[in-house]
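# Survey of secondary and tertiary structure
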Amino acid sequence: MGCCESAFLRKPDSVQKSNYTHHLDVNNQNKRVTQTNNGPSSPSNGGKDSLAGTASSFPDFSEFSLAELKAATNNFSSDFIVSEGGEKGPNVVYKGRLQNDNNRRWIAIKKFTKSAWPDPKQFAEEARGVGNLRHKRVVNLIGYCCDGDERLLVSEYMPNDTLAKHLFHWENQTIEWAMRLRAALFMAEALDYCSSKGRPLYHDLNAYRVLFDENGDPRLSCFGFMKNSRDGKSYSTNLAYTPPEYLRNGRVTPESVIFSFGTVLLDLLSGKHIPPSHALDMIRGKNILLLMDSHLVGNFSTEEATVVFDLASQCLQYEPRERPKTKDLVTALSPLQNKLDVPSYVMLGIPKHEEGPPTPQQPLSPMGDACSRMDLTAIHQILVMTHYKDDEGTNELSFQEWTQQMRDMLEARKRGDVAFRDRDFKTAIDCYSQFIDVGTMVSPTVYARRSLCHLLCDQPDAALRDAMQAQCVYPDWSTAFYMQAVSLSKLDMQKDAADMLNEAAALEEKRQRGGR
């Protein structure tokens, strides 16, 4: 049902309180609230509590069919491969999209060989155990598949690089100090949560296991909570970084995980992969400044670095019983956090993730396709080409109205059209506002064009209001619904955006069958 029919807009120049406008008010105060699966609502960005993050809307853990996963990956095409494991952990990770998922979310699929898990029951039990974990600091496991010789795990998909690639592979950029401290804390919180849920073992913990989600927040891969194979081959890294007790008995213990966490702390401090024995000698010799990443010189706190080096030293103790617990890690790292109001994607220097509304089932027109992809440039080109052909019949003016104010009003609209065509969106907003404020003539196209201008000027609240006004002028105009869908998506209201996109597509289909 459309906005006007739902009483979202009852006055021509103001938006009534509703689900939409409640969001607009909250957003304007930078206090957007999102319900998580891990406790009460918390701010999604900004403010002191921003490091708490927000949990995804985690789907239930389930068993997938092989056909579903083949369809999601184009029959496990090599084009969808994200990473490949080594001999000690034979596996391949693919990305894909489930065809029956209305949200069209990306997933990651880890494919094992049958020799790694010959017993399907054992594999399923292990997967279900890890699937019970649900936390905002973990890349959550959402399902598995056992079909003949196939053994597959399905998790959330993380679109950004691993921590290791950010630390070791960027020649001209480096992660700033505050982001490194955040990554350390988030890892500690993930391990502490999983330990509290009876899953304290993590196999081969290293910087490559830390992934960045769409918001740039570090999250620990769930795959490490499940052995690479039934025989417990758990470490694929160089022996110099392997816990000493694992070398003695071949078993991973909770203390082994703490040792591996210490090696990652060294990575974060140094920007290099330094053997623990070498690092410990330098720490004992008070040569910690020589261990620090040279890119951080002058941009880190020596006092904070000393605390982290001391924590790394404790984690790397030869005797497992002398290493700290996961709660101790969180306690030590929490007070070091700074830049609490700066989102992770800003500190990483990556674009803010903006996902368009899910694609409806009906075939989309060029306008619908552009809106589903959040392609503002394509939307602009379509509105320029469409011009005012959809405005026919929206105005019935007297002769007096035509002769008095019409010339100035149409001149303002003409200037707006020229600015709109030339992508001078601020000028277009001013000119279209002059046209609208006179009030003698109403034009849904002007509202749609000004809505897009607001979007391109990063003003999604105003864009939504204009799109709703366009719908009130022309209640069955699909373009008005499409512009609402894009505006709602920009405001992180994905469910409402999806509803609008579906309604717009339905209106287009109805119009094609006959009638305006």
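What counts and what doesn't
Residues numbered from 1 in each chain as written. Predicted model: local features only at pLDDT ≥ 70, side-chain atom pairs only at ≥ 80, totals over all residues. Heavy atoms only, no water. UniProt positions renumbered as here; feature names shortened; annotations may be inferred. Pairing = 2+ DSSP bridges. Helix = DSSP H or I, 4+ residues; strand = E, 2+ residues; numbered from the N terminus. Contact = heavy atoms within 4.5 Å. Axes fitted to C-alpha atoms, helices over the stretch in contact; angles between N-to-C directions. Buried < 20%, exposed > 50% of the residue type's maximum accessible area, 1.4 Å probe, protein only. 1 Å grid on protein atoms, 1.4 Å probe; cavity = no way out; pocket = protein on both sides within 12 Å on 5 of 7 lines; lining within 4 Å. Points joined across faces, edges and corners; volume = space filled by probe spheres on them. Nonpolar A, V, L, I, M, F, W, Y, C, P; charged D, E, K, R; others polar.

You'll find the chain entered in an unreviewed UniProt entry as non-specific serine/threonine protein kinase, with Hibiscus syriacus given as the organism. Comment text from UniProt for the chain, heading Sequence similarities (unreviewed entry), reads "Belongs to the protein kinase superfamily. Ser/Thr protein kinase family."

Right, let's get into the sheet that holds strand 5 (residues 91-97). The strand order across the open sheet formed by six strands is 3-8-9-6-5-4, and the pairing between neighbours is mixed. Strands at the two margins of the open sheet, each flanked by one partner only, are strand 3 (62-63) and strand 4 (81-84). The pairing of strand 3 with strand 8 (residues 141-147) spans two bridges and is parallel. Within the sheet, the bridge partner assigned to Glu63 lies in strand 8 and is Tyr144. Packed onto the sheet, helix 3 (residues 120-131) meets strand 6 (106-112), strand 8 and strand 9 (150-156) and runs at close to 175° relative to strand 8.

This paragraph deals with the pairing of strand 5. Put simply, side chains in a regular strand alternate between the two faces of the sheet. Counting buried residues along strand 5, five of its seven residues qualify, which places the element largely inside the surrounding structure. Pairing geometry for strand 5 and strand 6, over seven bridges, is antiparallel. Directly across from Val93, in strand 6, lies its bridge partner Lys110.

It is worth spelling out the sheet that holds strand 10 (residues 160-162) at this point. The four strands lie next to each other as 7-12-11-10, forming an open sheet whose pairing is mixed. Two strands close off the open sheet at either side, each with one partner strand: strand 7 (138-139) and strand 10. Here strand 7 pairs with strand 12 (residues 218-221) via two bridges, running parallel. When the sheet's bridge partners are listed, Val138 is paired in strand 12 with Leu220. Contacts from helix 5 (residues 177-196) reach strand 7, strand 11 (210-212) and strand 12 within the one sheet, and its direction differs from that of strand 12 by about 40°.

On to empty space enclosed by the protein, then. According to the stated counting rule, one finds two cavities of 30 Å³ or more in the structure shown. Empty space within the second largest cavity amounts to approximately 40 Å³. Every residue lining the second largest cavity is listed: Trp177, Arg180, Leu181, Ala184, Leu265, Leu268, Leu269 and Val308. Elements with a minimum of two residues in the lining of the second largest cavity: helix 5 and helix 7 (254-270). At four residues, the largest contribution of residues to the lining of the second largest cavity is made by helix 5. Class assignment for the residues of the lining of the second largest cavity results in seven nonpolar, no polar and one charged.

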